Amino acid sequence: MFDRFSDITPEFLQSIGIRSVFVDIDNTLAPYEAPDPNQKVIKWFEDLKNAGITAILMSNNDAARVHRFNKSLRLPAYYDCKKPSIKSYVNALSRLGLDRADSCVIGDQIFTDVLVGKRLGLRAILVPPIRDQKTMFFRIKRFFEKPFILYFKRQQVKKQFLQ
Ligand SMILES: [Mg+2]
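Cut-off values and rules
Residues numbered from 1 in each chain as written. Predicted model: local features only at pLDDT ≥ 70, side-chain atom pairs only at ≥ 80, totals over all residues. Buried ≥ 20, exposed ≤ 12 C-beta atoms within 10 Å, placed from the backbone. Helix = DSSP H or I, 4+ residues; strand = E, 2+ residues; numbered from the N terminus. Domains from an automatic or database assignment. Core = buried A, V, L, I, M, F, W, Y, C linked by C-beta atoms within 7 Å. Contact = placed C-beta atoms within 7 Å.

S.K.: Explain helix α5 (residues 110-120) residue by residue, including any values.
M.R.: The periodicity of an α-helix, 3.6 residues per turn, causes residues three or four positions apart to be oriented the same way. Here α5 has its buried residues at Ile110, Thr112, Asp113, Val114, Val116 and Gly117. The first or second residue beyond α5 is Gly121, which carries a positive phi of 75°.

S.K.: Describe unusual backbone geometry, naming the residues involved and giving the relevant values.
M.R.: Here the amide bond leading from Lys83 into Pro84 is cis, since omega sits at 15°, within 30 degrees of zero. With phi around 70°, Asn27 is a residue other than glycine that occupies positive phi space. The residue Lys82 is not glycine, and still its phi comes out positive at about 55°. Topologically, Lys82 is positioned in the loop between β3 (77-78) and α4 (87-95). Judged by the 11 C-beta atoms lying within 10 Å of it, Lys82 is exposed.

S.K.: I'd like to hear about the environment of His67, residue by residue, with values.
M.R.: Within the fold, His67 resides in helix α3 (residues 63-70). Under the C-beta neighbour-count criterion, His67 is labelled exposed, with 11 such atoms within 10 Å. Here the alpha-carbon distance between His67 and Ala77, two residues ten residues apart in the chain, equals 8.1 Å.

S.K.: Could you give an account of the environment of Lys118, with specific residues and numbers?
M.R.: Within the fold, Lys118 resides in helix α5. The class for Lys118 is partly exposed, based on 14 C-beta atoms found within 10 Å.

S.K.: Give a detailed account of the domain arrangement of the chain, specifying residues and quantitative values.
M.R.: Examined at the domain level, the chain breaks down into domain 1 (5-131) and domain 2 (133-163). Centre-to-centre, using C-alpha coordinates, domain 1 lies 21 Å away from domain 2.

S.K.: Report on the nonpolar core, specifying residues and quantitative values.
M.R.: Membership of the largest hydrophobic core comes to 31 residues, with the highest contact counts inside it found for Val21, Phe22, Val23, Met58, Cys104, Val105 and Ile106. Every element with two or more residues in this core is listed here: β1 (20-23), α2 (39-50), β2 (54-58), α3, α4, β4 (103-107), α5 and β5 (123-126). Ranked by residues supplied to this core, first place goes to α2 with four residues. Other than its neighbours up to four places away in sequence, Val21 contacts Leu13, Leu48, Ile53, Ala55, Cys104 and Ile106.

In structure tokens form, the structure reads like this:
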């Protein structure tokens, strides 16, 4: 878990042997209502590229949203992924010739982004949503995510304690 996507540095990814990242867009890189990536997002992808890390956009949103957001980034991008379906990921892994062992997912949702990663045996990095949708559906989802986040945090504390 990281506080924001920009805290996930190329150095960190390299230190855990990651060479490709599958990145969610909405609420991970930008709020829903931001059509274009900001400078921070652009810089982050540049840094990844310079470090030799392949980044792929994976979104459940539609083609228009993903194409517009990716216009300046020019990354491999998949829309309408239907996460936690693994179909688009399997497709991307083979088309780009990536190895599951050195790939990870980055996203703001446990039941889509993280789950798809776990189903594929990839490592997963969770960030809190940039702007939470205040709808009942999202509030219910957050409620069910809480125990998983608490469990993870306790494991982290235990690990630190044991070191
Ligand atoms: Mg998201």
